[in-house]
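In case you want the letters, here they are:
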Amino acid sequence: MTEGEDILAAVEAKRGYTLPYHRLLARHAPALLRDYDRFYESLTLAPRLLTPVQRETVWAGLLAAAREVHGFIHMRRATAAGMSHDDIARAVAIAAATEAFAVLTFSGSNWSAWTLPETLEARYLGLFEAAAAGLDAGLAHLTAAVAMAARRDRAGTVLHLARGFASGITAGEACEGLSYLLLPCGGNTLIEAVSFWEDAAKVGILPAPY
C-alpha cells in the first residue's frame, strides 16, 4: 500500500467511512490528509469539555443554522450518544428560533416607536424558551449562540453567550462550541464570533475569553 492508502485506511477504521475529499487527498496530498485527520479528531471526536450529548446538541443546531446537508454524519453520532429523535428535533428547533431574532431586530431598528426593543427581546426569548423546553438552559443558550455565530449575528451571539454564562457554562465550553464553526462555516466566521465575544467583554457584558 502507498502512504496515502495507509492513511486513508486509518481514517476509515477510525470513522467508519471516507469522504470524497479524503480519497482525493490520499492520492495527491497524503501528508495533508494525515494532518487534517489529526485536527478533525481533536476538534470533534476526542473528548474535551462537552459530553457527547452536549456536543451533538450543539452540532445539530449549528448544522441546521448553516444549512449543511451533510449533517447526517452528526445525526448518527447524536443517536449513538443516546439522543432521541425529539432531542435532535429540539436542537434544530433552537436553531430555527434564532432566525426570528433578525426579524425582531429589524422591527426594533425601524419601528422602535411601536415595537420597543426590550419588548421584542422578551418576545424573542419566549420563542427561544419554547423551542428549548426541557433542555438545560446553559446548553440551550450555547447551542443558540453557536447558531447565531454561524450567521455572523453579533447581537444574537452576545445575547445567548451572556445568558449561557449566567446559566453556568464556562469559557472553555463556549470555546469548544464556537470552535465547531471551523468545519461548516470556516475560519473567518470563527474570527468574527470570537471578536463579538472580545468586544462584549471589553464593555463588561461577557467575561473575558482569555
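Above: the structure in question.
A. Region of interest: the layout of surface pockets. If you add up the space inside the largest pocket, you get close to 300 Å³. Leu19, Glu68, His70, Ile73 and Leu183 are, among the 15 residues lining the largest pocket, the residues nearest its centre. Looking at the lining of the largest pocket, the elements with two or more residues in it are helix 3 (30–45), helix 4 (52–65) and helix 5 (72–81). Its residues placed into classes, the lining of the largest pocket shows 10 nonpolar, 3 polar and 2 charged.

B. Fine view of helix 2 (residues 20–28). For helix 2, the complete set of buried residues consists of His22, Leu25 and Ala26. In a view along the axis of helix 2, the buried residues occupy a sector of 105°, so they form one face of it. Of the exposed residues in helix 2, those oriented more than 90 degrees away from the buried face are Pro20, Leu24, Arg27 and His28. Where helix 2 is buried, its residues meet helix 1 (3–15) and helix 3.

C. Inspection of the packing of aromatic side chains at higher detail. All told, the structure shown has 7 aromatic pairs when counted by the stated rule. With a centroid separation of 5.6 Å and an interplanar angle of 45°, the aromatic rings of Phe165 and Trp197 are classed as tilted. Of this pair, Phe165 sits in helix 10 (residues 154–166) while Trp197 is found in helix 12 (residues 187–202), placing the two residues 32 residues apart along the sequence. On the basis of relative accessible area, Phe165 is assigned to the buried category, the value being 15%. The exposure class assigned to Trp197 is buried, which follows from its relative accessible area of 3%. For the cation-ring pair, Arg15 lies above Tyr40, with the distance from its terminal atom to the ring centre recorded as 3.9 Å.

D. Examining the packing of helix 6 (residues 85–98) against helix 9 (residues 137–150) more closely. Interhelical geometry of helix 6 versus helix 9 gives an angle of 55° and a closest axis separation of 9 Å. Relative to helix 9, helix 6 is oriented oblique. For helix 6 against helix 9, the interelement crossing comes out right-handed. Residues Ala91, Ile94, Ala95 and Thr98 of helix 6 lie in contact with helix 9, whose contacting residues are Ala140, Thr143, Ala144, Ala147 and Met148.

E. Quick peek at the packing of helix 6 against helix 8 (residues 117–132). Contact pair helix 6 / helix 8: the axes reach a minimum separation of 8 Å and the direction vectors enclose 170°. Taken together, the axis directions place helix 6 and helix 8 in an arrangement best described as roughly antiparallel. Across the interface between the two elements, Arg90, Ala93, Ile94, Ala97 and Thr98 of helix 6 pack against Tyr124, Leu127, Phe128, Ala131 and Ala132 of helix 8. Classifying every residue of the contact of helix 6 with helix 8 gives 8 nonpolar, 1 polar and 1 charged.

F. Here's a closer look at the pattern of salt bridges. If you walk through the whole model with that rule in mind, you get 13 salt bridges. We note a salt bridge from Asp87 to Arg90, for which the minimum N-O separation is 3.1 Å. Note that Asp87 and Arg90 are positioned in helix 6 at a spacing of 3 residues, about one turn of the helix. Of the residues examined, Asp87 reaches a relative accessible area of 22% and is grouped as partly exposed. The class of Arg90 is buried, set by a relative accessible area of 16%.

G. Region of interest: the environment of Arg151. Positionally, Arg151 belongs in the loop between helix 9 and helix 10. Those residues in contact with Arg151 that lie beyond four places of it in its chain are Ala65, Ala95, Thr98 and Glu99.

H. Broad picture of the nonpolar core. Grouped together as the largest cluster of nonpolar side chains are 41 residues, with contacts concentrated most on Tyr124, Leu178 and Leu181. At the level of elements, helix 4, helix 6, helix 7 (100–110), helix 8, helix 9, helix 10, helix 11 (171–179) and helix 12 are the ones that each hand at least two residues to this core. When neighbours within four sequence positions are excluded, Tyr124 is seen to be in contact with Ala97, Thr98, Phe101, Leu104, Met148, Leu159 and His160. In terms of nonpolar packing, the next biggest core, distinct from the first, is built from 6 residues, Val11, Leu25, Ala26 and Leu33 among them.

I. Quick look at a nonpolar patch on the surface. Side chains of Phe106, Trp111 and Trp114 sit close together on the surface and give an oily, nonpolar patch of about 420 Å² of accessible area. Tracing the backbone through its elements, the reader meets Trp111 in the loop between helix 7 and helix 8. Classification of Trp111 by relative accessible area gives partly exposed; the value is 43%.

Criteria and thresholds
- Residues numbered from 1 in each chain as written.
- Predicted model: local features only at pLDDT ≥ 70, side-chain atom pairs only at ≥ 80, totals over all residues.
- Heavy atoms only, no water.
- 1 Å grid on protein atoms, 1.4 Å probe; cavity = no way out; pocket = protein on both sides within 12 Å on 5 of 7 lines; lining within 4 Å.
- Points joined across faces, edges and corners; volume = space filled by probe spheres on them.
- Helix = DSSP H or I, 4+ residues; strand = E, 2+ residues; numbered from the N terminus.
- Nonpolar A, V, L, I, M, F, W, Y, C, P; charged D, E, K, R; others polar.
- Buried < 20%, exposed > 50% of the residue type's maximum accessible area, 1.4 Å probe, protein only.
- Arc of directions from axis to C-beta.
- Contact = heavy atoms within 4.5 Å.
- Phe/Tyr/Trp six-rings, centres within 6.5 Å; stacked < 30°, edge-to-face > 60°.
- Lys NZ or Arg CZ within 6 Å of the ring centre and 35° of its normal.
- Axes fitted to C-alpha atoms, helices over the stretch in contact; angles between N-to-C directions.
- Parallel < 35°, antiparallel > 145°, perpendicular 65-115°, else oblique.
- Left-handed = near helix turned anticlockwise from the far one by under 90°.
- Salt bridge = Lys/Arg side-chain N within 4 Å of Asp/Glu carboxyl O.
- Core = buried A, V, L, I, M, F, W, Y, C linked by side-chain atoms within 4.5 Å.
- Patch = residues over 30% accessible without salt bridge, like charges linked within 9 Å, V, L, I, M, F, W, Y side chains within 5 Å.
- Areas by Shrake-Rupley, 256 points an atom, 1.4 Å probe, with all protein chains shown as cover.

Limitation: the analysis is restricted to geometry and does not speak to function.
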